[in-house]
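Letter by letter, the chains look like this.
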2 protein chains.
Amino acid sequence: MSKGNGTSPSKRPSVTLHDVAEAAGVHPSTVSRALDPASSRPVREATRVMIEETARKLGYRPHLLARGLKGGRSGAVGVVVADIGNVFFAPIIRGIALSLEDSSMMPTVAETQDDSARLKVVVDHLMSRQVDALVVLAARHGDREFLESVAEEVPVVLADRPLKGTTLPRAGQDNRAGGRLIAEHLLALGHRDIAQLAGSFDVGTLAERAEGFSETLRDAGIEELPIATHAETLTPAEGTRVMHELLSRARVPTAVFAHNDLLAVGAIAALRARGIRVPEDISIVGYDDMPLAGYLSPPLTTVAFQGLEIGRLAGDMVQAQLRGEATEDVVLPPRLMVRGTTRRLPV
Amino acid sequence: MSKGNGTSPSKRPSVTLHDVAEAAGVHPSTVSRALDPASSRPVREATRVMIEETARKLGYRPHLLARGLKGGRSGAVGVVVADIGNVFFAPIIRGIALSLEDSSMMPTVAETQDDSARLKVVVDHLMSRQVDALVVLAARHGDREFLESVAEEVPVVLADRPLKGTTLPRAGQDNRAGGRLIAEHLLALGHRDIAQLAGSFDVGTLAERAEGFSETLRDAGIEELPIATHAETLTPAEGTRVMHELLSRARVPTAVFAHNDLLAVGAIAALRARGIRVPEDISIVGYDDMPLAGYLSPPLTTVAFQGLEIGRLAGDMVQAQLRGEATEDVVLPPRLMVRGTTRRLPV
DNA sequence: CACCGTTAGCCAAACGTTTGGCAACTGGGT
DNA sequence: ACCCAGTTGCCAAACGTTTGGCTAACGGTG
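Only a predicted model underlies this, so the values are computations on that prediction, with no experimental measurement involved.

The rules behind the values
Residues numbered from 1 in each chain as written. Chains lettered and ligands numbered in written order. Predicted model: local features only at pLDDT ≥ 70, side-chain atom pairs only at ≥ 80, totals over all residues. Heavy atoms only, no water. Phe/Tyr/Trp six-rings, centres within 6.5 Å; stacked < 30°, edge-to-face > 60°. Buried < 20%, exposed > 50% of the residue type's maximum accessible area, 1.4 Å probe, protein only. Lys NZ or Arg CZ within 6 Å of the ring centre and 35° of its normal. Least-squares fit on C-alpha atoms with pLDDT ≥ 70 in both. Contact = heavy atoms within 4.5 Å. Buried area = accessible area lost by both parts, 1.4 Å probe. Salt bridge = Lys/Arg side-chain N within 4 Å of Asp/Glu carboxyl O. Polar contact = N/O pair within 3.5 Å; in protein donor to acceptor, adjacent residues only side chain to side chain. Nonpolar A, V, L, I, M, F, W, Y, C, P; charged D, E, K, R; others polar. Axes fitted to C-alpha atoms, helices over the stretch in contact; angles between N-to-C directions. Helix = DSSP H or I, 4+ residues; strand = E, 2+ residues; numbered from the N terminus. Parallel < 35°, antiparallel > 145°, perpendicular 65-115°, else oblique. Left-handed = near helix turned anticlockwise from the far one by under 90°. Near = heavy atom within 4 Å. Pairing = 2+ DSSP bridges. Right-handed = clockwise from strand over helix to strand, strands pointing away.

Caption draft 1: Spatial organisation of the packing of aromatic side chains. For the structure shown, the criterion picks out 8 aromatic pairs over all chains. Judged by centre distance (5.2 Å) and plane angle (75 degrees), the ring pair of phenylalanine 88 of chain A and phenylalanine 89 of chain A falls under edge-to-face. Look at phenylalanine 88 of chain A and you get buried, because its relative accessible area is 18%. By relative accessible area, which is 4% here, phenylalanine 89 of chain A ends up buried. Cluster of aromatic residues (ring-pair linked, three or more members): Phe88, Phe89 and Phe305 of chain A. The ring centre of phenylalanine 146 of chain B lies 5.1 Å from the NZ or CZ of lysine 120 of chain B, which sits over that ring.

Caption draft 2: Structural view of the relation of the copies chain B and chain A. When chain B is brought onto chain A, the operation consists of a screw motion whose angular component is 180 degrees and whose axial shift is 0.0 Å, with 0.1 Å RMSD remaining. Here the transformation between the copies is reduced to the relation of a two-fold axis.

Caption draft 3: Quick look at the interface of chain B and chain A. Contacts between the two partners involve 85 residues from chain B, matched on the other side by 84 residues from chain A. Buried surface at the junction of chain B and chain A, summed over both partners, amounts to about 6900 Å²; 54% is from carbon and sulfur atoms. For the pair chain B and chain A, the interface holds 10 salt bridges. For the interface between chain B and chain A, the tally reads 17 residue pairs in polar contact (both at pLDDT 80 or more). Class assignment of the residues belonging to the side of chain B that touches chain A gives a composition of 41 nonpolar, 26 polar and 18 charged.

Caption draft 4: Expanded view of the packing of helix H8 (residues 175-188) of chain B against helix H9 (residues 204-219) of chain B. Residues and elements named next belong to chain B. Where H8 meets H9, the axes come as close as 7 Å, and the angle between the chain directions of the two elements is 40 degrees. Classed by the angle they form, the pair H8 and H9 counts as oblique. Handedness of the crossing formed by H8 with H9: right-handed. Between H8 and H9, the residues in contact are Asn175, Arg176, Gly179, Arg180, Ile182, Ala183, Glu184, Leu186 and Leu187 and Thr205, Glu208, Arg209, Glu211, Gly212, Phe213, Glu215, Thr216 and Leu217, respectively. A per-class count over the contact of H8 with H9 returns 6 nonpolar, 5 polar and 7 charged.

Caption draft 5: Main features of the protein's contact with DNA strand D. Taken together, 26 residues lie near DNA strand D, and His27 and Arg41 of chain A together with Leu17, Ser32 and Arg33 of chain B sit nearest. Of what DNA strand D places within 4 Å of the protein, 50% of the atoms are sugar or phosphate. Take arginine 41 of chain A: an N or O atom from its side chain is 2.3 Å from a base oxygen of DNA strand D. Serine 32 of chain B has a polar side-chain atom sitting 2.5 Å from a phosphate oxygen of DNA strand D. Listing elements by their share of the surface near DNA strand D, those giving two or more residues are helix H2 (28-35) and helix H4 (64-71) of chain A together with helix H1 (17-24), helix H2 (28-35) and helix H4 (64-71) of chain B. Broken down by class, the residue content of the surface near DNA strand D amounts to 8 nonpolar, 9 polar and 9 charged.

Caption draft 6: Up close: the pattern of salt bridges. Residue and element names in this part refer to chain A. Overall, the coordinates contain 40 salt bridges over all chains when judged by the stated rule. For aspartate 114, the salt bridge goes to arginine 161, with nearest N and O atoms at 3.1 Å. Of this pair, aspartate 114 sits in the loop between strand S3 (106-111) and helix H6 (116-128) while arginine 161 sits in the loop between strand S5 (156-159) and strand S6 (170-173); the two residues are 47 residues apart in sequence, bridging distant segments of the chain. Classification of aspartate 114 by relative accessible area gives partly exposed; the value is 26%.

Caption draft 7: Highlighting the environment of arginine 67 of chain B. In this fold, arginine 67 of chain B is placed in helix H4. Classification of arginine 67 of chain B as exposed rests on a relative accessible area of 52%.

Caption draft 8: Structural context of the protein's contact with DNA strand C. Taken together, 26 residues surround DNA strand C, and among them Leu17, Ser32 and Arg33 of chain A together with Thr30 and Arg41 of chain B come closest. Expressed as a percentage, the sugar and phosphate content of the atoms of DNA strand C within 4 Å of the protein is 49%. Within the backbone of histidine 27 of chain B, an N or O atom sits 2.8 Å from a phosphate oxygen of DNA strand C. Here a base oxygen of DNA strand C sits 2.3 Å away from a polar atom, N or O, in the side chain of arginine 41 of chain B. Listed by contribution, the elements that provide at least two residues to the surface near DNA strand C are helix H1 (17-24), H2 and H4 of chain A together with H2 and H4 of chain B.

Caption draft 9: A look at unusual backbone geometry. Following valine 278 of chain A, the chain continues to proline 279 of chain A via a peptide bond in cis, the omega torsion being 5 degrees. Residue position: proline 279 of chain A is located in the loop between helix H11 (261-273) and strand S9 (283-285). Positive phi, normally seen in glycine, also occurs at serine 104 of chain A, with a value near 40 degrees. You can see serine 104 of chain A is positioned in the loop between helix H5 (90-101) and S3. What makes serine 104 of chain A partly exposed here is its relative accessible area of 45%. Despite not being glycine, aspartate 288 of chain B shows a phi value in the positive range, around 115 degrees. Examined against the element boundaries, aspartate 288 of chain B turns out to sit in the loop between strand S9 (283-285) and strand S10 (302-304).

Caption draft 10: Spotlight on the sheet that holds strand S8 (residues 255-258) of chain A. Residue and element names in this part refer to chain A. As summarised here, the arrangement of the 3 strands in space is S7-S8-S9, forming an open sheet in which the pairing is parallel. Each having just a single partner strand, strand S7 (194-197) and S9 make up the two edges of the open sheet. Here the strands of the sheet are splayed against their neighbours by 20 degrees on average, with no regard to which way each runs. In this structure, S7 lies alongside S8, joined through 4 bridges in parallel fashion. Residue pairing in the sheet places alanine 195 in a bridge with valine 256 of S8.

Caption draft 11: Expanded view of the pairing of strand S5 (residues 156-159) of chain B. All names here are of chain B. Neither face of S5 is open: one carries Val156 and Leu158, the other Val157 and Ala159, and all of them are buried. Relative to S5, strand S4 (residues 133-136) is paired through 3 bridges, and the arrangement is parallel. Residue pairing across strands places leucine 134 opposite valine 156, the latter belonging to S5. Tracing the backbone out of S4, into helix H7 (residues 144-150) and back to the parallel element S5 gives a crossover that is right-handed. When S5 meets strand S6 (residues 170-173), the two strands line up parallel, connected through 2 bridges. What sits directly across from leucine 158, in S6, is arginine 170.

Next up, the structure:
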């Protein structure tokens, strides 16, 4: 079935301010002021009502491009995300969008595929589009200087992923505390042979989780098993691969901290494939508390991550910065969700 | 830690075409033409190189708002999604973004929360933003007329969700065939007491799945168990709720088709809570083959849905329509993924 | 050397708004 | 009837581009 006529690519008649003015019998500037609630110049009530009526009748819609051109503000905020397809970022984006709605702004989403070169390209593109600000969820360690240079043009807010030693404001979670929580939990259960299933340390969240975790073990006088290969992507498949590598080591751990839930799921699959039981033989902890974590069997022990809230906070920070206000970093505390994949070590 | 100085909300010096022209010692219009590869008027090679050099040196970025105002095209495509936070939509959005990149366009995402009133609001907002086209993932049955009226202004493409009797083009899956596939699978396994765990029929995909499913049972001379309450949202929690309702019926099914994977997961949790085993006592089929479906235990039998591909196709259709070409509906065939939650009925 | 066709570059208008400068009108106080 | 303040509305410039019309220069031909 063929649809959409091939000839006219849908002309837009588009009612302008002038059309409304003409129909209402007033000058365009009067229409502009009548429709602007925060106008500096007053408009007679009767006129205003009449103009509004006319505008509604004609189906007038303000041309935000033109307004943006004049006012220097587009009302768009660039959201730079590592992977739009990833479950994990979705609630954050949603939080940002929800927050921006208050100022009738909208997010424009771009994806870096977690690649620093591509980050530069998409940020450039977003800047061309005259975004009023940038929210970056995809920051990797090496991107600091670039992002700070961008911040001289428009406000840049980091969400989720921190950047070591930066001046850029951030809304995120205390990942170091999260790592600590997990280590303490495993120690309390009697585990001593403990390993990490780690992702790239170029990602600040993961580096911090690892730090908090290792620190706690060290303080307890436990020597942590060395990290196997770092997972290149945060997917179940990588989790499986790295877990197999871990299992081929001389010393096999009794507990494993996977840097996120997807890795954990993959790791569990690897164990299951070898006939190793979770949590009877090996305890596993994930991170992020993804929506399905509680529905796995056994349900996954993990650390809750409030993506929606963090997105909302990041959106709020953007608006504050645009109003010229100073902003404080917001770091939410993590919460351990003890479920079924961890268990006291039998003596 | 306080960051971002409160005084200056980051001024943007912003290099314009004029600045480049002045620095290069030529007229702005010459710069415009030199930088436009598809310019109708030629520019001497030496001049062009010199101008490009100057532009690069000054860090010139085209002002897409201004360009859009002049040319009547913003290069933005509105993507209307029911719930940005939902796993399911993410790959579709990604596909759209990937496709649009070819024409250096970008998606602007807005969320309806699956509410028809909100749909109108966000579409209006997107139109104000002068999007060149709309991709709608959030269409509900009653939205047809509204969307068709919008289509008189800009191309509107449906992705995933169909709209009964519409002229709007669509990229999606053959959900009726999907429903059929599932029914055939269950019949082949010997099931006769079969029920649906249904979502709202205002959502075209779900209505079609149900139709294909019911049709097949009817043709086989099987009387389907009546649908319990329709799930209001497509979440595990709703799946659990509706499954409990189904179980309180006089006649309990031996096989259940849940309209999507999340409902299926919730349904399985409900069964597990009552000590009913899957698939030994009841077989369950989901729909969508979400990323984790194969990692559940037992792994979920479901129908694969190629979100990324559908998004890409929708993006391609948008571009075709913008070029004024006619487009054909694209309907991908479903594929049944038989995993561990379905089983031959013991005799 | 005059003429002509071609080509490179300049000028200015236009896209739809917002907004400061002005002018005109209104009405109240005298 | 007159003045002044206060209100209302008109005009035009500006935001950064693109693009059609125009001119100046160039090189070749008669």
